[in-house]
Amino acid sequence: MNVVDDKGLVDTAAFLVAKLGGRVEARFAEALGPLGLRPRHCGLLSLLASDPAPQMDLARRLGVTPSVVVDMVDELEKLMAVRRVRDATDRRRQVVELTARGKRLLTKSVAVARALDAELLALVPVDEHPVLLAGLRRLGDAYRIPGQPTPG
């Protein structure tokens, strides 16, 4: 009979990334709470920072269903961070745009993320930071994490 080595599981990248990701997301959510934001809002705000976009395009770019984008936009509208406007070229489509308040919330959420970065990276020797960040970016690219630059 083959018995699974428990230590083997906790030493896998998949397990460590999953557990660490869950804890970091919880910490990020806690830090965003006073702003009225959740981590999922940040990706949407970031996408809208460059240009307004139709809700369907946002769903595709974020890798979520259109109903999830509708929920997020509803939540962000309540915060007055975004607004829906009719597309001038196709009146059937809703275009979502960032408001001035949304831009301020995005700036604050970046500051929250940078503070969390500092907290996390303080646990890693400074000379290892570039390697860690490069590895995370490569993984983000490979797994098409929304917000990552599109590979060459």
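This text gives an overview of the structure that appears in the document. Being a predicted model, the structure only gives us computed values, none of them experimental. For every chain, the first residue of its written sequence is number 1, and the numbers climb from 1 along that sequence. Since the coordinates come from a predicted model, pLDDT governs what is reported: local features require at least 70, and pairs of side-chain atoms require 80 or more to be given and counted, while whole-chain, interface and lining totals use all residues. As a convention, hydrogens and water are excluded, and side-chain values are obtained from all of the structure's heavy atoms.

## What to know about the overall build of the chain
Strands here mean DSSP runs of E at least two residues long; helices mean DSSP runs of H or I at least four residues long; both are numbered from the N terminus. Within the chain one finds seven helices and three strands. Along the three orthogonal principal directions, the C-alpha set of the chain runs to about 65 × 35 × 30 Å. The burial tally for the chain puts 26% of its 152 residues in the buried class. Under the convention used here, Asp and Glu are negative, Lys and Arg are positive, and both His and the chain ends fall outside the count. All charge positions are set by atom: Lys at NZ, Arg at CZ, Asp at CG, Glu at CD. Of the side chains in the chain, 23 bear a positive and 19 a negative charge, and the two mean positions are spaced by 7 Å. Think of it in three bands: with a 1.4 Å probe and only protein chains considered, a residue is buried below 20% of the maximum accessible area for its type, exposed above 50%, and partly exposed in between.

## Quick look at the side chain of T99
Locating T99 in the fold gives a position in the loop between β3 (94-98) and α6 (100-121). Contacts: residue pairs with any heavy atoms within 4.5 Å of one another. Residues contacting T99, with those up to four places away along its chain left out, are M80, A81, V82 and R83.

## Thoughts on the sheet that holds strand β1 (residues 53-54)
With respect to topology, three strands assemble into an open sheet ordered β1-β3-β2, the strand pairing being antiparallel. Unpaired on one side and paired on the other, β1 and β2 (82-86) mark the two borders of the sheet. Strand pairing is assigned whenever DSSP identifies at least 2 bridges connecting the two strands. Bridging between β1 and β3 involves two bridges; their strand directions are antiparallel. Looking across to β3, one finds that A53 is bridged to V96. The strands touched by helix α3 (residues 39-50) within the sheet are β1, β2 and β3, with β3 carrying the most contacts at an inclination of about 90°. Fitted lines through C-alpha atoms serve as axes, helices being fitted only where they are in contact, and the angles separating the N-to-C directions of these axes extend from 0 to 180 degrees.

## Structural notes on the pairing of β3
Note: β2 against β3, five bridges, orientation antiparallel. When the sheet's bridge partners are listed, R83 is paired in β3 with E97.

## Description of the nonpolar core
Here is a general trend for soluble globular proteins: nonpolar side chains tend to be buried in one another's company. Nine residue types can take part in a nonpolar core, namely buried Ala, Val, Leu, Ile, Met, Phe, Trp, Tyr and Cys, and a core is a set of them joined through side-chain atoms within 4.5 Å. In this structure, L37, L44, L45, L48, L58, L76 and V82 are the most contacted members of the largest nonpolar core, which totals 26 residues. Contributing elements (two or more residues each) for this core: α2 (13-32), α3, α4 (55-62), α5 (66-78), β3 and α6. The leading source of residues in this core is α3, at five residues. Apart from the residues within four sequence positions on either side, V82 is in contact with L45, L48, V73, L76, E77, V96, E97, L98 and T99.

## Concerning the environment of V96
Considering the arrangement of structural elements, one finds V96 in strand β3. Its relative accessible area of 0% is what places V96 among the buried residues. In sequence terms V96 and S46 are 50 residues apart; their C-alpha atoms lie 12 Å from each other. In contact with V96, not counting residues within four places along its chain, are L48, P52, A53, Q55, L58, V73, V82, R83 and R84.

## Some details on a nonpolar patch on the surface
Among the surface-exposed residues, L132, L136, L139, Y143 and I145 lie close enough to one another that they form a single nonpolar patch of about 520 Å² accessible area. Note that Y143 resides in the segment after α7 (129-142). Patch building starts from residues that exceed 30% relative accessible area and form no salt bridge, then joins like charges within 9 Å and nonpolar side chains (Val, Leu, Ile, Met, Phe, Trp, Tyr) within 5 Å. For the area figures, the Shrake-Rupley method with a 1.4 Å probe applies, and any residue is considered shielded solely by the protein chains shown. Salt bridge, as applied in this entry: a Lys or Arg side-chain nitrogen positioned within 4 Å of an Asp or Glu carboxyl oxygen.

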